[in-house]
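Below are the chains, spelled out letter by letter.
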Amino acid sequence: MTESTSTSARSQNISYIVNKNGADQLVDILQRRPDGQVYVHYDGFDKRLDEWIPGTSLKPANESARKRRRDTPSPTPTEPETRPDPLMTEEEFDIKHHKQITAQRNFDKVNFGQWRIKTWYFSPYPLTDSELEDSTGLPGGSASTSKIPGVNRATVRSHGRTSDLLAGGLTRSHLSAEKSILWVCDRCFKYMAEGAAWEMHVKQCDRRHPPGRKVYQRGAHIIWEVDGAKDKVSTYCCPRSNTYQGLQLYCQNLSLFGKLFIDVKTLFFDCDNFLFYILTDADSQRDHVLGFFSKEKISYDDYNLACIIVLPPYQRKGYGMLMIEFSYEVSRRAGKIGTPERPLSDLGLRSYLTYWVATLIRFFRRLLSVLPPDRPTITSSGRLPDLTGVLPPPLEDANSRKKRAKGWDGETPDSNSTFSSPNGLDDTIAAMRTVLTISNPDGSATSHVVVQSTLAEIASATNLRIEDAAFALNECGLLGSTLDGVVGITREMVEAVAKERNVKRMCLDPAHVMLT
């Protein structure tokens, strides 16, 4: 009933507008509820803004809006369900209907620790038997009408089957009120359908930090490396009985939770081939998860990141940039030039463009400076200064640096300290540039830095892919001035881009990386 209503509206090419934030927006109707609510997608906007609205707020679009609709194809149409081809396998049929299943969120909000967060996208949490029985009593149909033909219903035991996981999300899209809330433990990421079960679990869950090992620690901020094969199954300690109980699929549950806020990545439940890097913030009791990223253990394309998410309550605080910088540091220490897995989401592309531009700007500042940034003046007696020997100070020993307490776990260096360049960067700079010193009439001298290099040399020096470096240079306008095929970049141009893009210092301090 639901599908036929929305499909007939599209077949008649009916366009609707909704007044949102004082402006009329064209919308696609993806689904209708018997109570009059409609699930809409705003044309030209990301799916994370899709929502349920009252059907009475819809207004027929005028002719100009309909013309724009004809010129712009619908981003995520919901196709009517068809019977599978007899020659088509079950998995192929699941993939064919993946867009239909993920067209809308199956949970409106997720309760995560002290936060109740509005979800962005569909995540294929399995449909349990109790939920399936409850859904049959909903008006407008039963669970059997929304199942994919030939796919058995999902249970907890069938957690690993992709077909069951995809089928499990269909019925849940009809849930409303309290049943549209997912309850997730912020310690072990175990998920529950009811708040009472969640409250009972969090009283018993004694996990203080993610599994795995520490690979970065600066102050209270820690990055944990979790092996998807080793830490796929873990246990928690029940404080009442002092015994370990309850198998937790930590990495799978973490992936399911992250999928609520990631759209373009395909979620695989076989975590054995992935490493997860989880960023936490420590207090006096435990470590709180701020976000995570994953990467393949073996990537033939040298991808250093598969997916990344900073939880919505902690966004716009630099945590995403810290994890991106760490992923490139892992690649650099492995002797590889990494890049994120494609395709990138709109937010992902924006974040990576910021990282690529900032990396290049910091490199050009160092490259086009006669003196290092931490040596504004040089004083010599008797002889002229030898600029070839001017190098930044070496990395300080982690045990001898000036300490300043911060947070509950770990220490940070004094705020006046500066991050040193990665090893080998100064040798690269010395090989790429020439310092030209010209005498002045008053007896003084002026030194100029002249650099002749290729794009490949710049990309190699910054540990970026050539295509990523070229894209960033073009986006910030540094490839605009050419003479006979040669691109000219001056220090003034670099500083103008730095001001325009608000380039900041690195979030990552290489001295605190604990990788061996």
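As the structure is a computational prediction, the values presented were derived from the model and not from experiment.

**Let's talk about a nonpolar patch on the surface**
On the surface, a nonpolar cluster with roughly 240 Å² of combined accessible area is contributed by L436, I438 and V450. Of note, V450 is situated in strand β22 (residues 445-451). On the accessibility criterion, V450 (39% relative accessible area) is partly exposed.

**Comments concerning the sheet that holds strand β9 (residues 191-192)**
Here 4 strands make up an open sheet; going across it, the order is β7-β6-β8-β9 and the pairing mixed. Each having just a single partner strand, β7 (115-118) and β9 make up the two edges of the open sheet. Alignment of strand β6 (residues 109-112) against strand β8 (residues 181-184), held across 4 bridges, turns out to be parallel. In the strand pairing of β8, V110 is matched with L182.

**Observations concerning the packing of aromatic side chains**
In the structure shown here, the tally under the stated rule is 21 aromatic pairs. Relative to F261, the ring of F257 lies with its centre 5.8 Å away and its plane at 65°, an arrangement referred to as edge-to-face. Judged by relative accessible area, F261 falls into the buried class, the value being 4%. Relative to F293, the ring of Y277 lies with its centre 4.9 Å away and its plane at 15°, an arrangement referred to as stacked.

**Here's the deal with the packing of helix α10 (residues 346-367) against helix α14 (residues 491-501)**
Any two packed helices are characterised by how steeply their axes cross, that is the angle between the axes, and by the distance between the axes. Two numbers describe how α10 lies on α14: the axes approach to 10 Å, and their chain directions differ by 145°. Crossing hand, α10 versus α14: left-handed. Across the interface between the two elements, L353, V357, I361, F364 and R365 from α10 touch R491, V494, E495, V497, A498 and R501 from α14. Counted by class, the contact of α10 with α14 contains 7 nonpolar, no polar and 4 charged residues.

**Some remarks on the side chain of N304**
The topology assignment puts N304 in strand β16 (residues 303-305). Among the polar contacts listed, one links the side chain of N304 to the side chain of S331, at a separation of 3.5 Å.

Parameters at a glance
Residues numbered from 1 in each chain as written. Predicted model: local features only at pLDDT ≥ 70, side-chain atom pairs only at ≥ 80, totals over all residues. Heavy atoms only, no water. Patch = residues over 30% accessible without salt bridge, like charges linked within 9 Å, V, L, I, M, F, W, Y side chains within 5 Å. Areas by Shrake-Rupley, 256 points an atom, 1.4 Å probe, with all protein chains shown as cover. Salt bridge = Lys/Arg side-chain N within 4 Å of Asp/Glu carboxyl O. Helix = DSSP H or I, 4+ residues; strand = E, 2+ residues; numbered from the N terminus. Buried < 20%, exposed > 50% of the residue type's maximum accessible area, 1.4 Å probe, protein only. Pairing = 2+ DSSP bridges. Phe/Tyr/Trp six-rings, centres within 6.5 Å; stacked < 30°, edge-to-face > 60°. Axes fitted to C-alpha atoms, helices over the stretch in contact; angles between N-to-C directions. Left-handed = near helix turned anticlockwise from the far one by under 90°. Contact = heavy atoms within 4.5 Å. Nonpolar A, V, L, I, M, F, W, Y, C, P; charged D, E, K, R; others polar. Polar contact = N/O pair within 3.5 Å; in protein donor to acceptor, adjacent residues only side chain to side chain.

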